[in-house]
Structures are given as C-alpha cells and as structure tokens.
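# Structural characterization, general
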Amino acid sequence: MDCAARGTGTPCTGPATRRCGHCGAVAYCSLSHQISHWNNHKEECSRLEQQMQRADILHDFPFTYSTDATLQVSAKQMTRCSFLATRGLRHIGLWKYECSCHHPIASSEYLRINDDWNLPSALCPCTEPKDPVPINLSDWKDYYQWRCLPLHSPVALLLHWPLTIYQSIQLSATRRSISEISGTLHIHYLGPEKELLQLAVFGELHALLPHLQVHIELIGPAVPQFRDGERINLCNYAHCLDLDCTCKSSSENRSWGVSNSNATKVTLWFRKGYYHDCFRDIVKDSFPDIIVASNAGIAAYSDWLPTIELIREIDVPAIFSDFCEEAAHLAARCISAVSGRPLTVPIQVNPFRQPMAVEDTVLDLPCYSNCFLFGM
C-alpha cells in the first residue's frame, strides 16, 4: 500500500505502515502525513470502516482453495502466481495472464484464441451440460453443482467473465425480461482488457443462454487496432486435457474464428475506441439489449462521462462492476450526477465475482475482479 497522503505535500518518509485507527483501510508513512490528510480522509473514513466490516462476506466462497486464494493472497502470504503454480497452471493456456508476473503482451498473442483449460474433463466445463440451466442459478455453488464440477476445480477463476454477464442479464430483467427477447441477444461489452486474452471462456454462454443467439460487441481502447471490426464465432467450449473427450470430436471441434455459420450461438465483434465515439457506427449492425462494463472504474476515468450521458439518452439497461465497494460507491455518485437520477440497480455483491483476491490495491479493502454490481 502507498501512503494515502502521497503527493499531497511533503515527500513520504518511508513505507506506509501506520494505519488509520478507525477504518484500517488506509495507511501512512508518518504521523505528520496522517494528521495533514485527515481533512481529506474524514468524510470517507466511517464509510470505509463499514466496508471493512463486510470483508467476511466478500471472502466467503465454497471452494476448497478459498482460504489460499482470498485471505492468504490478501495478506501477501501467497501470490496469485504462486497459487497458480501449486496447481500447475502458471503461464499456460487460458491461465497465462492470470498473475502479475507475465511478460508484456505481444500482438501475435491477440491473433489466436487459446481454447485449452489445461485441466482434465472432470475439472472443467468442456462439453454441453447434462441438464438445462436452472432457473435459480444464484451463486458459484449452484453453478458447480449444475456443471457437475468438484469444488476444488479452479475454473471459477476465469469463468467470472461469462457468469458476470449472466448475472447482469438477471439484474436487468426488471427492465425487460430476457424471455421477451427472441432470436439474438445483443450485448455491448465496454472496456475489455484481460478478457481479450481469455476469449474462449465466453463459450460458456452456450450453456448459460441456450435459447438465444448471443452477439457481443467488445468495445474499448484496449482492443488491438488489427482486431478492429473483426468478427469471431465461438463454436464450442474450451477444451480439456483428455485426448478421448468428446470436446475434441469432429462434431464439436469446429474452428474458432471467422465464420458465417447460422449454428453459432456466441459471436464476438471487436471495436476499438470509446463507446460514445463508436456508438453511431455500431448500432447500424447491433442496437444493444443490455450494456455490460466489467471492472469499469467510472470514477477514475473522465472518459466515462460522455458514455454515461449516451447511456442515459438511449435508455438501455446498463450493468457495471468494480473491484471494491468504495469504487462502486464513487461510480454511483458519478452516474447520479451525470444522469440526474439514482441507480436503477443498487450496489450489491456479485455472487459470481472472481474467487481470488486482487493484489497491491490502493486501499486495503476486500478487492476482487467483478466484485460489486450496480446499474442504470
């Protein structure tokens, strides 16, 4: 953690080891910095204290590895990298960019979709589910039971991307029931970053939304220039390690990539740029049924303000996520200030947040990818 008063006056005198005695969420390098920063911190202190008291709820996952992935990573007793290494998943397959020690991303790595779980079939959802998706799929335990996965399977660490889309659709159903949509569900997915290197996991939407064609526009400045305008059809699930598994059979092992097959249920379309700049061109092909923005950071980036104004104008359900409750709170204030109205979906814990803590956070709050959901 950095000193909360860093850059506000005199230089820091050392590491930030002196925590606020009330909230415990911020730390300082010295008593003088803590005193000088109080006028800035006092408004947020009680709010951060309440958020810290809800830490146990956020750390609560059903997995056998939950303590390692949450408390130990938060306390720096284990890193994300070492956690993956103990399971033989460090720097391979879909897991390659799941820790912070990866090398810079080469453009060639954006050219292919890695579709390998690097896990046996018993530990990953590589084929069609045995049963239809339950009506009340409410948390990771429900999902694992439906997909017949043991609770030591690590796939939730990557499947939080499609499951967060699924949960966002459920939350927006108060505006327009998904059952009212026939044919194609158009999702405008804003600000993708790491997801662009883990695209195969979105194939799980085949199982989660079996009655729909799913068209996802991936829109943001992180989309590589050479991918701008490209369309990719996800025709199957990511593969397991078992050589004799049906996920590798000729009937299912269709090509990832550009295809015009009507059988494809999940289509990804890449658009480079900010949503408010691209929107007029995008809606010529795809007007959204729902807008989803994962780990949006609305309060941190001024580029979100014209996008919020646009979403208000087109009046389409939009669900955002963020890493911690404070980021969601600040985002909600920004949205209300721009839109002139409160959130239609209040801030709430995402039951399908990633079950591994984020490292090196600015505040010492419980922090997970896609941790909190809220919407307008």
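In case you missed it, the structure is sitting above this.
All of these numbers come straight from a predicted model, not from anything done at the bench.

Conventions used here
- Residues numbered from 1 in each chain as written.
- Predicted model: local features only at pLDDT ≥ 70, side-chain atom pairs only at ≥ 80, totals over all residues.
- Heavy atoms only, no water.
- Helix = DSSP H or I, 4+ residues; strand = E, 2+ residues; numbered from the N terminus.
- Rg over C-alpha atoms; globule rule 2.2 N^0.38 Å.
- Buried < 20%, exposed > 50% of the residue type's maximum accessible area, 1.4 Å probe, protein only.
- Contact = heavy atoms within 4.5 Å.
- Areas by Shrake-Rupley, 256 points an atom, 1.4 Å probe, with all protein chains shown as cover.
- Core = buried A, V, L, I, M, F, W, Y, C linked by side-chain atoms within 4.5 Å.
- Axes fitted to C-alpha atoms, helices over the stretch in contact; angles between N-to-C directions.
- Parallel < 35°, antiparallel > 145°, perpendicular 65-115°, else oblique.
- Nonpolar A, V, L, I, M, F, W, Y, C, P; charged D, E, K, R; others polar.
- Arc of directions from axis to C-beta.
- Pairing = 2+ DSSP bridges.
- Right-handed = clockwise from strand over helix to strand, strands pointing away.
- Polar contact = N/O pair within 3.5 Å; in protein donor to acceptor, adjacent residues only side chain to side chain.
- Salt bridge = Lys/Arg side-chain N within 4 Å of Asp/Glu carboxyl O.

## Quick notes on the overall build of the protein
Across its full length, the protein carries 11 helices and 10 strands. For 376 residues, the compact-globule estimate of 2.2 N^0.38 gives 21 Å, and the C-alpha radius of gyration of the protein, at 21 Å, lies within 12% of that figure. Its C-alpha atoms give the protein principal-axis dimensions of about 70 × 50 × 40 Å. Out of the 376 residues belonging to the protein, those deemed buried represent 53%. In the protein, of all internal contacts separated by at least 6 residues, the share reaching a separation of at least 24 is 74%. Total accessible area on the protein stands at roughly 16800 Å², and carbon and sulfur atoms take up 51% of it.

## Points about the nonpolar core
Formed by 101 residues in total, the largest nonpolar core has its most connected members in Trp117, Trp140, Tyr143, Phe202, Ile216 and Phe320. Take this core: its biggest share by element is 10 residues, from helix α7 (residues 156-172). Excluding anything up to four places from it in sequence, Trp117 contacts Leu89, Leu94, Trp95, Cys124, Pro125, Val155, Leu158, Leu159, Val201, Ala238 and His239. With 15 residues, the next largest nonpolar core counts Cys3, Cys20, Cys45 and Leu365 among its residues.

## Considerations on the packing of helix α9 (residues 275-282) against helix α10 (residues 304-314)
At their nearest, the axes of α9 and α10 sit 9 Å apart, and the two run at 40° to each other. Judged by the angle between their axes, α9 and α10 are oblique. Judged by residue contacts, Tyr275, His276, Phe279 and Arg280 of α9 engage Pro306, Thr307, Leu310, Ile311, Glu313 and Ile314 from α10. Grouping the amino acids of the contact of α9 with α10 by side-chain chemistry returns six nonpolar, two polar and two charged.

## Considerations on α9
Those residues of α9 that sit buried are Tyr275, Cys278, Phe279 and Ile282. One side of α9 carries all its buried residues, which in axial view fall inside an arc of 125°. Looking at α9, the residues exposed on the side facing more than 90 degrees away from the buried face are Asp277 and Arg280. Those residues of α9 hidden inside the fold are in contact with β3 (184-190), β4 (213-220), β6 (266-272), β7 (290-293) and α10.

## Describing the pairing of β3
Within β3, six of the seven residues are buried, which leaves the element mostly enclosed by the surrounding structure. Relative to β4, β3 runs parallel, the two sharing seven bridges. Pairing of His188 across the sheet is with Glu217, part of β4. Direction of pairing for β3 relative to β7: parallel, over a ladder of four bridges.

## Things to note about the pairing of β7
Burial along β7 is two-sided: Ile290 and Val292 and Ile291 and Ala293, pointing in opposite directions, are all buried. Bridge count for β7 against strand β8 (residues 318-322) is three bridges, and the pairing is parallel. Paired with Val292 across the bridge in β8 is Ile319. As a crossover connection, the stretch from β7 through α10 into β8 is right-handed.

## Comments concerning α10
Burial in α10 covers these residues: Trp304, Thr307, Ile308, Leu310, Ile311 and Ile314. Seen end-on, α10 carries its buried residues on one side only, within an arc spanning 160°. Packing partners of the buried residues in α10 comprise β3, α9, β7, β8 and α11 (325-339). Positioned one or two residues after α10, Asp315 has a phi angle of 55°, which is positive.

## With respect to the environment of Pro150
You can see Pro150 is positioned in the loop between α6 (140-146) and α7. Between the C-alpha atoms of Pro150 and Pro346, which are 196 residues apart in sequence, the distance is 32 Å. What Pro150 contacts, discounting residues up to four positions off in sequence, is Ala122, Leu123 and Tyr144.

## Considering the side chain of Ser30
Within the secondary structure layout, Ser30 lies in the loop between β2 (27-28) and α1 (31-36). A distance of 3.1 Å separates polar atoms of two side chains, one belonging to Ser30 and the other to Ser32. Of the polar contacts made by the side chain of Ser30, one reaches the backbone nitrogen of His33; its length is 3.3 Å. With near-sequence residues (within four places) excluded, Ser30 lies in contact with Thr13 and Arg18.

## Considering the sheet that holds β3
Strand order in this open sheet of eight strands is β5-β6-β4-β3-β7-β8-β10-β9, and the pairing throughout is mixed. In this open sheet, the two edge strands, each paired with only one partner strand, are β5 (231-234) and β9 (345-349). Across this sheet, the average inter-strand angle for adjacent strands is 20°, counted without regard to direction. When β8 meets strand β10 (residues 372-375), the two strands line up antiparallel, connected through four bridges. Looking at β10, one finds that Ile319 is bridged to Gly375. This element, α10, spans β3, β7 and β8 of the sheet and lies at about 150° to β8.

## Topic: the pattern of salt bridges
One pass over the structure, following the stated rule, counts 15 salt bridges. With its nearest N and O atoms 2.7 Å apart, the salt bridge here joins Arg54 to Glu325. With Arg54 in the loop between α2 (38-53) and α3 (55-58) and Glu325 in helix α11, the pair connects residues that are 271 residues apart, well separated along the chain. Owing to a relative accessible area of 16%, Glu325 belongs among the buried residues under this scheme. A cluster of three or more residues bridged by salt bridges with shared partners is formed by Glu43, Arg47, Glu326 and Arg333.

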